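Per-entry structural report
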Amino acid sequence: MKKTLLSVMLVLGCVLSACTEASRPVSITPVPLSCQQGEGSFRWKSPTTVLLTDADIDATVIETAFAGSGLPVELRQSADEDGHVVRLERAEVLPGSAGADEAYRVEVTSDRIRIQAKTDAGFFYGIQTLAQLADPAGGTVQAAVVEDAPRFSYRGIMLDVSRHFRSKEFVMKQMDLMATYKMNRLHLHLTDAAGWRLQIDRYPRLTEFAAWRPQEVWKDWWEKEGRQYCEQGSPQAHGGFYTKDDVREMLEYARRRCITIIPEIEMPSHSEEVLTAYPELSCTHEPYKQADFCVGNEKTFEFLENVLTEVMELFPSKYIHIGGDEAGKASWKTCPLCQRRMKKEGLKDVNELQSYLIRRIEKFLNANGRDLLGWDEILEGGLAPNATVMSWRGVEGGLKAIQSGHHAIMSPGGYCYLDSYQDAPGTQPEAIGGYLPLEREYSYEPVPDSFTVEEAKLLLGVQANLWTEYIPTEEHAEYMLYPRAIAVAEIGWTQPENKSWQSFRQRVLSDVLPKMQAKGYHPFDYSQEIGNRQEALQPVDHLAVGKKVEFLAPSWKNYPANGPETLTDGLRGGWNYSDGRWMAFVSDKRVDVVIDMEEETTVHSIGADFMQICGPGVFFPKKVIISVSTDGKDYQQLAEIDHEVVKDDAVSFKNYGWKGEAQARYIRYQSFPEEKYGGVHFVDEIVVE
Ligand code: ACM
């Protein structure tokens, strides 16, 4: 990767200049491939003539790009004219580079402006850059030459419009900002237990009933017995859905901004709303009972294919996202139809049954000229032959898909889940999923060093996900999205060599946020950030650092942290359980580990921190037992620490420890769950002094 990039840079004969340094007046986000600032500036007449020198340049796209820029223009189809104008010219820019299809070159002198691009998207992005070179108030555009292309072809945001429905106006407003920062994929999570959000003519109950619930706020609905739906138009109905006309309007809005909207229709799980409206599609045929479609029943396939047919009629996206995440699969184990299907198809377990459904749906999509995209669970039971994986449970799913020759899009929870806290949790509205401040978000590098050039090509890009369980309002959604989504825009666009946290932070504070606020968005005020669990993030020194840990109960593979050394690596966990420092345990006994101190050692304290954040099911232990042994056989119990586990909305940390004096070669540390809550135990660091 690095070699290719270097040769591109050498061919260009240009070195990245300081267009984005704080001391200079010009600030371009995301940082372009190269930017040479020139002398003087172009005086912007109101309006300035823009010449479309090629008849097939889409004037609606160009008009839209300028309308968002604040630079008044008059478009003219003409190849011959010149003068004090902006000329748009079709040309290959950075041919052969990975991002050539969206590449552009902008040249601004005091006499004229020239934007070259191969595609309308290239022109669109050139105009976004021009807008950032401009000082609309002063009526000038800074002289410069910018040559630019994206690092990745997929630069996305996912909006969950199921948990809390969002108006089409809200969705379009977010597309404006995506376009400004050169993001090009909007993934809409249209269906989930909390509400179905898309008109489907063949199945009217999806929108007459499954789109409405008696509680406006998801948490109230979720915690209410029975999680009911209600009829559209009934006095207590909250929710909504997009009509096909709404979707067409959003699609046209997206098209003019070079954004592809990717619809997600969840299967086989997260489908309580469908299976309550159409209970015959579940294994037990009972409403309000199942989240998973019955995979043994042909009616399920008839339903899914009919729905997908209407989806494909509406959405031009090559990718159709079919969800695929978090299926419980329990009812399949006893359902006669599912069991019959497994026997007939020679499927050895329920994972293979899920894979059967995904493969069949993929065939259907492929036959209709579309490609299947799904969350990384679609790997389980065998990946469908042409599927693309969206990696969310860490990066492993995406890496595995790529290593078997598939495409992947990275949206790992620890970096890309914008429903996490962005600042000290006590100062923020209730959130889910730990702590993800802007700096950590920005630090994400999607391509591992170990990748070959060929593997890197299969990694299509990155996506920020906004799940909205705890995000009931539009303002709150913008607060969670920004500025963090802009960090994802820069990860997706900018070559890693050109990224700089200091520069990004400065641009966010001095340029991105003020402009966003002036346009009526409601971002988190990053200038007021409180910051990290700093004291926890300092390396600690203690007697067990580097000592080997034996796992009597396995750790949870979904959060591999820093490997088996995590508990004794001298690094304590921060606010976020996905920060690679917390180790997760879900088996019956939760934590059950033995540290080998290598020789008999006098110890005075043994303790570890646990995290509790109840939303995603992370609980403190009810009990911790600490014991020691000199021979690894007979253990002496030092402490049994009891704790009453209380459910709350906070993110909390608690140390379970012992103090005294003992001789230890082996130290055993065990935790036990509060049965009524179950959940995961996240623990770190076992500090021995
Ligand atoms: C997911 O967060 N369940 C994809």
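To keep things clear, this report deals only with the structure shown in the data block.

Calculation notes
The written sequence of each chain sets the order in which its residues are numbered from 1. Predicted model: local features are reported for residues with pLDDT of at least 70 only, side-chain atom pairs are reported and counted for 80 or more only, and whole-chain, interface and lining totals are derived from all residues. As a convention, hydrogens and water are excluded, and side-chain values are obtained from all of the structure's heavy atoms. Burial status follows relative accessibility: with a 1.4 Å probe on protein chains alone, a residue under 20% of its type maximum counts as buried, one over 50% as exposed, and anything between as partly exposed. Working definition: helices are DSSP H or I runs of at least four residues, strands are E runs of at least two. Numbering for both runs from the N terminus. The directions considered for the arc run from the helix axis to the C-beta atoms. The method works on a 1 Å grid over the protein atoms by themselves. A cavity is a set of points holding a 1.4 Å probe that cannot get out, a pocket is an open set with protein on both sides within 12 Å along at least five of seven lines, and residues with an atom within 4 Å of a point line them. Grid points are joined across faces, edges and corners, and a volume is the space filled by probe spheres set on the points. For this scheme, ten residues count as nonpolar: Ala, Val, Leu, Ile, Met, Phe, Trp, Tyr, Cys and Pro. Four count as charged, namely Asp, Glu, Lys and Arg, and the remainder, Gly too, count as polar.

**Thoughts on helix α10 (residues 336-345)**
Taken as a whole, α10 has its buried residues at Cys 338, Arg 341 and Met 342. The arc enclosing the buried residues of α10, seen along the axis, measures out at 100°, which places them on a common side. For α10, exposure combined with an orientation more than 90 degrees from the buried face picks out Pro 336, Arg 340, Lys 343 and Lys 344. Gly 346 lies just past α10 and shows a positive phi near 65°.

**Some details on unusual backbone geometry**
Put simply, Thr 29 and Pro 30 share a cis peptide bond, and its omega is -5°. Within the secondary structure, Pro 30 is located in the loop between α1 (2-12) and β1 (34-43). Between Met 267 and the following residue, Pro 268, the backbone shows a cis peptide bond with an omega angle of -10°. We note that Arg 227 has phi near 40°; this positive angle belongs to a residue other than glycine. By the element assignment, Arg 227 lies in the loop between α6 (218-223) and β14 (238-239). Owing to a relative accessible area of 31%, Arg 227 belongs among the partly exposed residues under this scheme. The phi torsion at Cys 258 lies on the positive side, around 60°, for a residue other than glycine. By the secondary structure assignment, Cys 258 is in the loop between α7 (244-255) and β15 (260-267). Judged by its relative accessible area of 18%, Cys 258 falls in the buried class.

**Notes on empty space enclosed by the protein**
The final tally for this structure, using the stated rule, is one cavity of 30 Å³ or more. Of the pockets and cavities examined, the largest cavity occupies roughly 40 Å³. In terms of lining residues, the largest cavity is bounded by Glu 430, Ala 431, Tyr 470, Ile 613, Cys 614, Gly 615, Pro 616, Asp 648, Asp 649 and Ala 650. Taken together, the residues of the lining of the largest cavity sort by class into six nonpolar, one polar and three charged.

Purely spatial values, then, with no claim about function.
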